[in-house]
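# An overview of the molecular structure
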Amino acid sequence: LYYRIPIVKPLYEFGEIAVKFNKMCDELQETIEREYIGQIKQKKAEFNLLQAGINPHFLYNTLEVIRVKAIDCGNDEVAKMIVDLANLNRAIVKNGAFISIRKEFNICEMYADIFSFRYASSLDYEMDIEPQIMELGIPKNLLQPIIENYFVHGIKNKCNNNRFAIRGFLTEGDICFVFEDNGRGMSKEQEKKINTNIKCVNSETKSGYGLLNVQKRIRLIYGEMYGITLESKEDYFTRITVLIKAMTCSELEANFKSPQRY
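Figured I'd write up the structure that's included with this text. (Residues numbered from 1 in each chain as written. Predicted model: local features only at pLDDT ≥ 70, side-chain atom pairs only at ≥ 80, totals over all residues. Heavy atoms only, no water.)

## Looking at the overall build of the protein chain
Within the protein chain, the secondary structure is distributed over seven helices and seven strands. Counting from the amino terminus, helix and strand elements in the protein chain follow one another as α-α-β-α-β-β-α-β-β-α-α-β-β-α. For the protein chain, with 262 residues in total, the buried portion stands at 36%. For the protein chain, contacts bridging at least 24 residues in sequence account for 68% of all contacts bridging at least 6. For the protein chain, the exposed surface amounts to about 16000 Å²; the carbon and sulfur share of it is 57%. (Helix = DSSP H or I, 4+ residues; strand = E, 2+ residues; numbered from the N terminus. Buried < 20%, exposed > 50% of the residue type's maximum accessible area, 1.4 Å probe, protein only. Contact = heavy atoms within 4.5 Å. Areas by Shrake-Rupley, 256 points an atom, 1.4 Å probe, with all protein chains shown as cover.)

## What about the nonpolar core?
Counting 46 residues, the largest nonpolar core has I101, F177 and V242 as its most contacted members. The greatest single-element share of this core, amounting to eight residues, is contributed by helix α3 (residues 101–119). Ignoring anything within four residues of it in the chain, the contact list for F177 reads I101, F105, I133, I138, L143, R167, G168, I240, T241, V242 and I244. (Core = buried A, V, L, I, M, F, W, Y, C linked by side-chain atoms within 4.5 Å.)

## Focus on the packing of α3 against helix α4 (residues 144–154)
Where α3 contacts α4, the axes come no closer than 9 Å and their chain directions differ by 15°. Judged by the angle between their axes, α3 and α4 are roughly parallel. Note that α3 runs across α4; the crossing there is right-handed. The segment α3 lies against α4, with E104, C108, Y111, A112, F115 and Y119 engaging Q144, I147, E148 and F151. A breakdown of the residues in the contact of α3 with α4 according to their chemical character gives seven nonpolar, one polar and two charged. (Axes fitted to C-alpha atoms, helices over the stretch in contact; angles between N-to-C directions. Parallel < 35°, antiparallel > 145°, perpendicular 65-115°, else oblique. Left-handed = near helix turned anticlockwise from the far one by under 90°. Nonpolar A, V, L, I, M, F, W, Y, C, P; charged D, E, K, R; others polar.)

## Describing the sheet that holds strand β2 (residues 123–129)
One open sheet holds the five strands; their spatial order is β2-β4-β5-β7-β6, and the pairing between them is mixed. Of all strands in the sheet, those bounded by a partner on one side alone are β2 and β6 (227–233). Adjacent strand axes in the sheet meet at a mean angle of 10°, parallel and antiparallel pairs treated alike. Relative to strand β4 (residues 162–171), β2 runs parallel, the two sharing seven bridges. Directly across from Y125, in β4, lies its bridge partner F164. Its contacts with the sheet put α3 on β2, β4 and β5 (174–181), and the angle it makes with β2 is roughly 170°. Sheet strands in contact with α4 are β2, β4, β5 and β7 (237–245), and its direction is about 160° off that of β4. (Pairing = 2+ DSSP bridges.)

## Some points on a nonpolar patch on the surface
A cluster of nonpolar residues, L1, Y3, F21, M24, L28 and I32, forms a patch on the protein surface that exposes about 590 Å² of accessible area. Within the secondary structure, L28 sits in helix α1 (residues 13–72). Classification of L28 by relative accessible area gives partly exposed; the value is 40%. (Patch = residues over 30% accessible without salt bridge, like charges linked within 9 Å, V, L, I, M, F, W, Y side chains within 5 Å. Salt bridge = Lys/Arg side-chain N within 4 Å of Asp/Glu carboxyl O.)

## Let's talk about helix α6 (residues 211–222)
Owing to its 3.6 residues per turn, the α-helix brings residues three or four apart onto one side. With 12 residues, α6 extends 16 Å from end C-alpha to end C-alpha; this agrees with the ideal 16 Å at 1.5 Å per step. Of the positions making up α6, those classed as buried are L211, N213, V214, Q215, I218, R219, I221 and Y222. (Expected span 1.5 Å × (residues − 1).)

## Quick look at the packing of aromatic side chains
In total, this model carries nine aromatic pairs according to the counting rule given. With a centroid separation of 5.0 Å and 45° between ring planes, the pair formed by Y111 and F115 is classed as tilted. Linking Y111 with F115, this pair stays in helix α3, spanning four residues, or about one helical turn. Owing to a relative accessible area of 10%, Y111 belongs among the buried residues under this scheme. Relative to F151, the ring of F115 lies with its centre 4.2 Å away and its plane at 10°, an arrangement referred to as stacked. Highlighted residues: F115 in helix α3 and F151 in helix α4, separated in sequence by 36 residues. With a relative accessible area of 5%, F151 lands in the buried category. (Phe/Tyr/Trp six-rings, centres within 6.5 Å; stacked < 30°, edge-to-face > 60°.)

Right under this line is the structure:
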C-alpha cells in the first residue's frame, strides 16, 4: 500500500487510472492505520483498567486504617473525607470507559465535596443539569479534570465567596457543559496560549491530565467538530465550555470501535 504510481502530465487514460489508483491506496492505508491505532489504544485502555482494578484493594484497605485512626483521635471530619475519597476512587475505577452523565456528575460532586471540607464556608458550588441528558453517555472522568483545574489554578485561597457553577443542557443534538467560576482568571496572553494549545491538540500531543487531556479525548471519540473552549478575565472569572455529541453509552461504545469516528 505504500507504493504509488508516478504521475506524468499531461494526463491521458492511464494517467487518470494512476491517479485513482493512488487515491485508493491512500484511503486504504489511512483506514487500516486508523483501525490499527484504534485497536492498540483500546487494548491499552483495557489493560490500564485491569491494572487499576488490582491497585484499589490496597488503597481501600489503607484508607480504612487511616479512617479508623482518625475516629480514634476524635477527628470525624477527616474520617468523612477519607470515606468520600475511597468512594470517589471506587466510582472512577469501576464500570467501563463510558458511563451515564448522572454517574459522571456523581463523581464530580464527590470530588467537589472533598474540597469543600478544606474551604468550608468560603466555597459555594452549583450543578444544574437538565434531566433529559442524565441517562445519556459520556467518557468516564471527562469532566472531573475541569473541576480539578479550578481548585488548582482558579480558586482564591483568601477569598470568602468562592463560587463555581456547572450547567449541562441539550442543544441541537449535542450536549453542552458550561463551567464558570469567579476565581483568579488569567491574562489575555495566558488565555490566548491555552486556546491555541487546545485548538492544535492531536494524537501526538503530550497532554497530561488537564484541559489538553480532555480536549484530546473528546477529539478522539467525537471528532474535530467537538471539544472545549475557554474564556477568562484576570481576577474576575473563567468560563470553560465543553461540547460533545448526544449519544447513549451503547452508541459511544459502537462509535469508538468504528474507524468512522475519525
